[in-house]
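Listed below, chain by chain, are the residues.
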Amino acid sequence: MPADLSALLSAPSGSEPPAARPLARALRSPLTVIGLALVGFHLFLAVFAPIIAPYTISGIHTTGLTPPTAEHWLGTDQIGRDYLSRLMSGGRVALLVALIGVSAAVLTGAALGLLAAYRGGWLDDAIMRLTDALMAVPELLLIAILVLTFGKEIWSLAIIVAIVYTPGVVRVVRAKTLTVAALDFVRAAELRGERPARIMAREIAPNLLGLISVEFAIRCSSAILKISALSFLGLGISQPTPDWGLMVQEAMSVVFTDPWFLVAPAIALSSLIIGINFAVDGLARAYGVTGAGSEGLA
Amino acid sequence: MSHLRVENLSIAYRDDSGKEAFAVAEANLAVARGESLGIVGESGSGKSTLARSLLGYVRPGARISQGRIRLGERDVLGLSAAELRSFRGGRAAMVPQNPLSSLTPHLRVGDQLAELVRAHTPLRGEVARKRVHDLMERTGLPDPDALARRYPHELSGGQRQRAVIAAALIGTPELIVLDEPTTALDKTVEARVLALIEEIRADLGATLVYVSHDLNVIRRVCSRVIVMRNGRIVEAGRAETVLRAPQSSYARALVAAIPRIDVPAPPSAATGAPVVLRTSGLSFAYPAPRRLFAAPPKTAPALDAIDLEIRRGETLGVVGESGSGKSTLAALIAGALAGHRGRIQLGDRVVNGPAAQRTPDLRRRIQLVFQDPLSALNPTQTVAEILSRPLRLYHGIGLAEARDQAAALLAEMGMDAEMLARRPRQLSGGQQQRVGLARALAARPDLVICDEVTSALDVTIQAQVLDLFLRLQSEHGLTSIFISHDLAVIARVSHQIAVLEGGRLREIGPRDRILGAPQHPYTQKLILAATGKRSAEPVDIDAEVKQLSLTL
């Protein structure tokens, strides 16, 4: 081909790098912005609630349940503690438990899923049958058994979340690894004679990061809901720690006379969950992560 | 009076940054009844968008910003949704590229066609069945009654495309739009499908719009052609004129880039050079799937007793169609497959088993370049990382030195050092494949195996990559096995040519002897298909049936 023509050809068509600004693209969607704002708001509260709350969570100000007043914007609870202050701290424990538990679940789950898919053979069979066995037990039953075994401390709850959420992560990561491992750059690494550990860590794992982040966020929102449900059932966080699930449960008896006691923690909980889900949705789409574990969606 | 008329048509869509861009800009067309128009262009030229709009279709997110489309007296863009439904599949029909995705997998072929007959004609029951039978017969499908009971995945590629063409004929259309209908097919099958399309046009007197990236195909079926680039029609005229004397610079480049079988041979390597690779009796059979409670079925060998010899500085072109075993051959020599029988010898060393069992030095000496560059390059790594790894692994050099050498390799490939910081998705297809080649050369190998390395590229990009390959051959005395389904590509780069069919080596010899005086009938058929001359032999349905029974 004549030189001038090849110059003409190589110049425009698609040689420019695409505008690689997924974050900017994500922020164009109002839902994503709302989601990120809600998550940021709740994280801020969780960290600073003890400092910015008007009262302490255990200080007793009245003799019983009172409606909102100028001093106590959301009134006081049955024991006379400031409801707003307790509400502001009500997500802390659930959030902490979810973050620790899901982090552990995602780390072990991703490692096991990667190993199962790439090594295959008996290791794959062993890991997958173990996951199947765990997933075969009804979730609530499994949690109840684990609570009876480990207790209701923060660390116990985190371990329980980790155990319950690992199998799902294993499955999703294994499926994605199978797709990535079928690509030719993995073949190229094998032909170079790279060690399997290096191939998994350097070639495959970076391609799983998007999926793993989405898994983490989605499962966090699911875990927070689940912990609240446990507290509601009396299997999770217990008095005197403030917790939204617990607060909803306590408000059940006065729901017809003083509905804000139920509505306030319910709004707090759902705004956090919705915030996470909106944010994940937008970010996952912008970063092109597909096939994320929608099964983890609560 | 033209039958199909497109006036000043523009189709706009929003790109990633939210700006309005034009997939098709100010297109004008006029096609007479019974004429066939080719639309040719490379990926992203807007050819498919234009073709689909002729049936009143634009993809979601795009809109027709101006212009008119008329078919006969009908204003296509003015049709209501209900009118469009009966228009498509009735007066106008579409034959898409991938026949497998346009047939419903869980319905028998005959049932799908019958459903379309009921939707577009008043025929019902046995009469509808009869119509299906006639159409299948008309499109050259063997034994229509038996084939009608099969599911789409039980048909061969050529048969599927015939079934889709049969579906397009149901409403006796005035306009048939074909979007790359033969791109997924082997060359010899393509030649037969093209003959069928030409026959049908003559029969029905239908107006044909044929979209393709392949000028050779356009030349065979179209009397007139338009060339598109970046949404604009850059040239229009009689197909022969445009192909022989293109006016616009882009059309000239496109025509110049068509691989032709009658190109001069690459400068030959020194005679008497030492043998780099020798295989003798090389055979391979894919292991039979494990079955519960049953003896494993016997599998046909994917490769059967292959004897090859490649000398230093020489390129051996391996040509064959899908299922010929050419990729298996590449995988065995490169070490991606375990369990061959026979002997592979590199220099004076016997190569045993897959890459994991070879010595590091043996692994370095044989390098493989993959077909799909996007799959072959890790999307999370930069070009620098991709190229540094083999440099450091094989030559034990430091990070900084590896980076310098990577830059030098890129320069060798005609790419800037600033590309080192890019990731594969930020490169064009041609650049990706150059990086793939550079990674192989980073090992300073004795033998480079190129497995269909230009098949995923547009024709002008393919020409550039082939130019690069020829330069590497002459400047560095590259020794390689170049695998392709395209005889014209093989003819451009090879000193020796091997013809594979069904796992057997049909013919091997010096390039000019194979191209000029082919001995084996299969080689002769390949050459006929590549030169576009219609073979005198009747449509070979037996072969297709045989191929099918093999795949079943």
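Whatever comes next refers back to the structure up there.
Quick notes on the rules
- Residues numbered from 1 in each chain as written.
- Chains lettered and ligands numbered in written order.
- Predicted model: local features only at pLDDT ≥ 70, side-chain atom pairs only at ≥ 80, totals over all residues.
- Helix = DSSP H or I, 4+ residues; strand = E, 2+ residues; numbered from the N terminus.
- Rg over C-alpha atoms; globule rule 2.2 N^0.38 Å.
- Buried ≥ 20, exposed ≤ 12 C-beta atoms within 10 Å, placed from the backbone.
- Contact = placed C-beta atoms within 7 Å.
- Pairing = 2+ DSSP bridges.
- Expected span 1.5 Å × (residues − 1).
- Core = buried A, V, L, I, M, F, W, Y, C linked by C-beta atoms within 7 Å.

A. Just the overall build of chain B, in detail. Helix and strand counts for chain B come out as 22 helices and 20 strands. Here the C-alpha radius of gyration of chain B, 25 Å, is about what a compact globule of 552 residues would show, namely 24 Å. C-alpha extents for chain B along the principal axes are approximately 75 × 60 × 50 Å. Sorting the 552 residues of chain B into buried and exposed places 47% on the buried side. The long-range share in chain B, meaning contacts at least 24 apart out of those at least 6 apart in sequence, stands at 69%.

B. Molecular detail of the pairing of strand 13 (residues 315-319) of chain B. Residue and element names in this part refer to chain B. With 5 of 5 residues buried, strand 13 is to be regarded as a mostly interior element. With 5 bridges joining them, strand 13 and strand 18 (residues 480-484) adopt parallel strand pairing. Directly across from G317, in strand 18, lies its bridge partner F482. In terms of strand pairing, strand 13 meets strand 19 (residues 496-501) through 4 bridges, oriented parallel. When the sheet's bridge partners are listed, V318 is paired in strand 19 with A498.

C. Focus on helix 4 (residues 109-120) of chain B. All names here are of chain B. For helix 4, spanning 12 residues, the distance from its first C-alpha to its last is 17 Å, which sits close to the expected 16 Å at 1.5 Å a residue. Buried within helix 4 are the following residues: V109, G110, Q112, L113, A114, L116, V117 and H120. The inward-facing, buried residues of helix 4 contact helix 5 (125-138), helix 6 (144-148) and helix 7 (157-169).

D. Seen up close, the environment of I34 of chain A. Residues and elements named next belong to chain A. By the element assignment, I34 lies in helix 3 (residues 30-52). Residue I34 is classed as partly exposed on the basis of its C-beta count, with 16 C-beta atoms lying within 10 Å. Measuring from C-alpha to C-alpha, the distance between I34 and I276 comes to 9.7 Å, with 242 residues separating the pair along the chain.

E. Geometry of the nonpolar core. A98 and V161 of chain A together with I449 of chain B are the most contacted members of the largest nonpolar core, which has 230 residues in total. In terms of residue count, helix 5 (residues 92-119) of chain A provides more of this core than any other element does, 15 residues in total.

F. The arrangement of unusual backbone geometry in detail. Of note, the bond from Q239 of chain A into P240 of chain A is cis; its omega dihedral lies within 30 degrees of zero at 5°. Examined against the element boundaries, P240 of chain A turns out to sit in the loop between helix 11 (209-233) and helix 12 (244-251). Positive phi values are uncommon outside glycine, yet N8 of chain B reaches one of about 50°. In this structure, N8 of chain B sits in strand 1 (residues 4-14). Even without being a glycine, N230 of chain B presents a positive backbone phi close to 50°. Relative to the helices and strands, N230 of chain B is located in the loop between strand 9 (224-229) and strand 10 (232-238).

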